[in-house]
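Examination of the molecular architecture
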Amino acid sequence: MRLTRYFLPIIKETPSEAQIVSHRLMLRAGMIRQASAGIYSWLPLGYKVLRKIEEIVHQEQQAAGSIPVLMPTIQSADLWRQSGRYDDYGPEMLRIKDRHDRDMLYGPTNEEQITEIAAAGIRSYRDLPALLYHIQWKFRDEVRPRFGVMRGREFLMKDGYSFDIDKEGARHSYNRMFVSYLRTFERMGLKAVPMKADSGPIGGDMTHEFLILAETGESAVFLDRDLADLTLGDREIDWEDAAQLEGIVDQWTSSYARTDETHDAAVFEAQVSEERRVTARGIEVGHIFYFGSKYSEPLNAMVANAEGERVPLESGSYGIGVSRLAGAIIEASHDDNGIIWPEAVAPFEVAVINLKQGDEEADAACEDLYTKLTARGFDVIYDDRNERAGSKFATIDLIGVPWKLIVGPRGLKNGVVEMACRKTGEKQELAPDDAINRLADRFGRT
Ligand code: P5A
């Protein structure tokens, strides 16, 4: 993408309505624009990030054995009356009447809808387990929408649902999602810690929240330092191997990690030695629930087990805050100059910066880099504006591009360009083709 042809409405001054850094940076970098309280348009740069986050979520869900579907945003009130949540949900639910005076609602979540789909499609235990998910917009009329996309009224969620014949199967499905979430967040360059949680309006008796540690987090968190250092890495996972998954979940759940809702100071002190106690703040980026037959019973979602008896489906639900993640990643990764995108979700992976637009040699070298990098599959932004170098660096650093290739007449005389890393600030002079090869190696685009 050439910057002169892109739509990047950058804001110079700090927006006064934004209280936290990710909201400020998303507005300044021209990623989002508020449409009304807690409702945002995603501008090209923001939309690119959202799509990259979504893509990682899709890949990891499917790797773990979950199948993509798409349910509507608007639901009929009928199923919610059957489950008892139509009244329970309260003013957070946006209630709508259609022209025939029928009660409809903008879905805040989809447990009822998917249970109805499962009940209609699953005949017997032989069809199980079934894991289905979608990535769809939700609406919750939050009392205080704030912090930009982090607590919106309209927001994008990955919500997945599992159906099993018994508790043991449901536990396997829960563990699949637990481990899949560890992988998903690690791929995004995040350190997300699973914590024992409260189940709230979704219900159930086994639930974990995944939080990333950041000063601006809404929840206070208390954890064992050992957990903050644990990573999954490139461990080979066999998703059908219940014992392997259980082992990983045990590893992550045997140390103390709780949010303020479930924290117990006495247990914390008894279980964790003083030097390992971490008290911090966290942002909830995922939440998983096991709730057994809470929805299948009232919705009459019954299947035949191996003995031929009709039993209610055993279920869980699994959420990821896809749009919240765009803000959460910025909270975890920025500096005074702007955003520092992890490579996996960066809207552009490489920026080509022309220090002297209009100089025949510099223009030709930039064109060549731009063409070759694009051909190798990179997402490239070429800053071809007729601007001072300082202003180009400020823009590219604000929007968080992980790598810069800086091209100027002086370097070209010696046959080199400068390659700079946004995260570490490291710089290196290289021949243009060597720079391309270096990046290709790093990104696995050989
Ligand atoms: C799980 C999937 C559920 O709704 N039902 C289907 C379950 N869980 S949850 O914890 O309420 O939400 C899942 C994730 O969605 C994000 N989230 C939000 N993101 C932005 N703005 C909001 N107002 C908002 N509310 C929830 C969170 O990341 C949460 O973990």
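Up top you'll find the structure we're talking about.
Just so we're clear, the structure is a prediction, and the values are computed from it rather than from any experiment.

In this section: the overall build of the chain. Scanning the chain from N- to C-terminus turns up 14 helices and 23 strands. A globule of 446 residues ought to have a C-alpha radius of gyration of about 22 Å, and the chain, at 24 Å, matches this closely. C-alpha atoms of the chain, sized along the principal axes, occupy 80 × 60 × 45 Å. Expressed as a percentage of its 446 residues, the buried residues of the chain come to 54%.

Here we come to the sheet that holds strand β6 (residues 103-106). Taken in spatial order, the three strands line up as β4-β6-β5 in an open sheet, and their pairing is antiparallel. The sheet is open, and its two edges are formed by β4 (74-76) and β5 (94-97), each paired on a single side. Pairwise comparison of adjacent strand axes, ignoring direction, gives a mean angle of 35 degrees for this sheet. Where β4 and β6 come together, three bridges link them in antiparallel fashion. Counterpart to Ile74 in the pairing with β6 is Tyr106.

On the basis of which strands lie adjacent, the open sheet formed by five strands has the order β20-β19-β21-β22-β23 and mixed pairing. Two strands close off the open sheet at either side, each with one partner strand: β20 (380-383) and β23 (427-430). Ignoring which end each strand starts from, the neighbouring axes of this sheet average 20 degrees apart. Sheet topology places strand β22 (residues 417-421) next to β23; four bridges connect them, and they run antiparallel. Paired with Val417 across the bridge in β23 is Leu430. With respect to the sheet, helix α11 (residues 360-375) is in contact with β19 (350-354), β20, β21 (403-407) and β22, its orientation differing from that of β19 by roughly 170 degrees. With respect to the sheet, helix α12 (residues 389-398) is in contact with β19, β20 and β21, its orientation differing from that of β19 by roughly 170 degrees.

Take the site of the ligand next. Surveying the vicinity of the ligand reveals 23 residues, the closest of which are Thr109, Glu111, Arg140, Gly152 and Glu284. Interatomic distance of 2.4 Å between a side-chain N/O atom of Glu284 and an oxygen atom of the ligand. Here the ligand has 600 Å² of accessible area as a free molecule, and 95% of this is covered by the chains. For the shell around the ligand, the secondary structure elements donating two or more residues are β8 (154-164), β13 (277-292) and β16 (314-321). With five residues, the single largest contributor to the shell around the ligand is β13. Residue composition of the shell around the ligand, grouped by class: nine nonpolar, seven polar and seven charged.

What follows deals with the packing of α11 against helix α14 (residues 432-443). It is the contact of α11 with α14, at a shortest axis distance of 11 Å, that shows an interaxial angle of 25 degrees. As judged from the angle between their axes, α11 and α14 are roughly parallel. Classified by chirality, the crossing of α14 by α11 is right-handed. Each of Leu369, Lys372 and Leu373 in α11 lies in contact with α14, whose residues at this interface are Pro432, Asp433, Ile436 and Leu439. Across the contact of α11 with α14, the residue classes break down as five nonpolar, no polar and two charged.

Tracing the sequence through the fold places Pro432 in helix α14. Relative accessible area serves as the criterion here: at 22%, Pro432 is assigned to the partly exposed category. For the pair Pro432 and Ile96, spaced 336 residues apart in sequence, the C-alpha to C-alpha distance is 58 Å. If sequence neighbours within four positions are ignored, Pro432 has contacts with Leu369, Gly415 and Val417.

What follows is about the packing of aromatic side chains. Applying the stated criterion across every chain, the model contains 13 aromatic pairs. Ring geometry for Phe178 against Phe210: centres 5.4 Å apart, planes inclined by 65 degrees, an arrangement best described as edge-to-face. One end of the pair, Phe178, is in helix α6 (residues 167-187); the other, Phe210, is in strand β10 (residues 206-213), with 32 residues separating them in the sequence. When its relative accessible area of 0% is taken as the criterion, Phe178 is described as buried. Linked through ring pairs, Phe178, Tyr181, Phe185 and Phe210 together constitute an aromatic cluster. Directly above the ring of Tyr86 sits Arg95, whose terminal nitrogen or CZ lies 4.7 Å from the centroid.

A word on the environment of Thr73. You can see Thr73 is positioned in the loop between β3 (67-68) and β4. Counting along the chain gives 34 residues from Thr73 to Gly107, while the straight-line C-alpha distance between them is 5.4 Å. Leaving out residues up to four positions away in the same chain, Thr73 has contacts with Leu105, Tyr106, Gly107, Gln136 and Trp137.

Right, let's talk about the nonpolar core for a bit. In this structure, Met31, Ile53, Phe185, Met188 and Trp341 are the most contacted members of the largest nonpolar core, which totals 83 residues. Tallying contributions element by element places α6 first for this core, with eight residues. Those residues in contact with Met188 that sit more than four places away from it in its chain are Ile53, Ile56, Val57, Leu325, Ile329, Pro342 and Val345.

A word on the side chain of Ser323. Inspection of the secondary structure assignment puts Ser323 in helix α10 (residues 322-332). Other than its neighbours up to four places away in sequence, Ser323 contacts Trp42, Leu50, Val149, Phe155 and Leu156.

Time to look at the state of the cysteines. Disulfides are covalent bonds that connect the sulfur atoms of two cysteines. Enumeration according to the criterion identifies zero disulfides in this entry. Left without a disulfide partner, Cys366 is nearest to the cysteine sulfur of Cys421, which lies 20 Å away.

Rules behind the numbers
Residues numbered from 1 in each chain as written. Predicted model: local features only at pLDDT ≥ 70, side-chain atom pairs only at ≥ 80, totals over all residues. Heavy atoms only, no water. Helix = DSSP H or I, 4+ residues; strand = E, 2+ residues; numbered from the N terminus. Rg over C-alpha atoms; globule rule 2.2 N^0.38 Å. Buried < 20%, exposed > 50% of the residue type's maximum accessible area, 1.4 Å probe, protein only. Pairing = 2+ DSSP bridges. Axes fitted to C-alpha atoms, helices over the stretch in contact; angles between N-to-C directions. Contact = heavy atoms within 4.5 Å. Near = heavy atom within 4 Å. Polar contact = N/O pair within 3.5 Å; in protein donor to acceptor, adjacent residues only side chain to side chain. Areas by Shrake-Rupley, 256 points an atom, 1.4 Å probe, with all protein chains shown as cover. Nonpolar A, V, L, I, M, F, W, Y, C, P; charged D, E, K, R; others polar. Parallel < 35°, antiparallel > 145°, perpendicular 65-115°, else oblique. Left-handed = near helix turned anticlockwise from the far one by under 90°. Phe/Tyr/Trp six-rings, centres within 6.5 Å; stacked < 30°, edge-to-face > 60°. Lys NZ or Arg CZ within 6 Å of the ring centre and 35° of its normal. Core = buried A, V, L, I, M, F, W, Y, C linked by side-chain atoms within 4.5 Å. Disulfide = S-S within 2.5 Å.

Just geometry here; none of it tells us what the structure is for.
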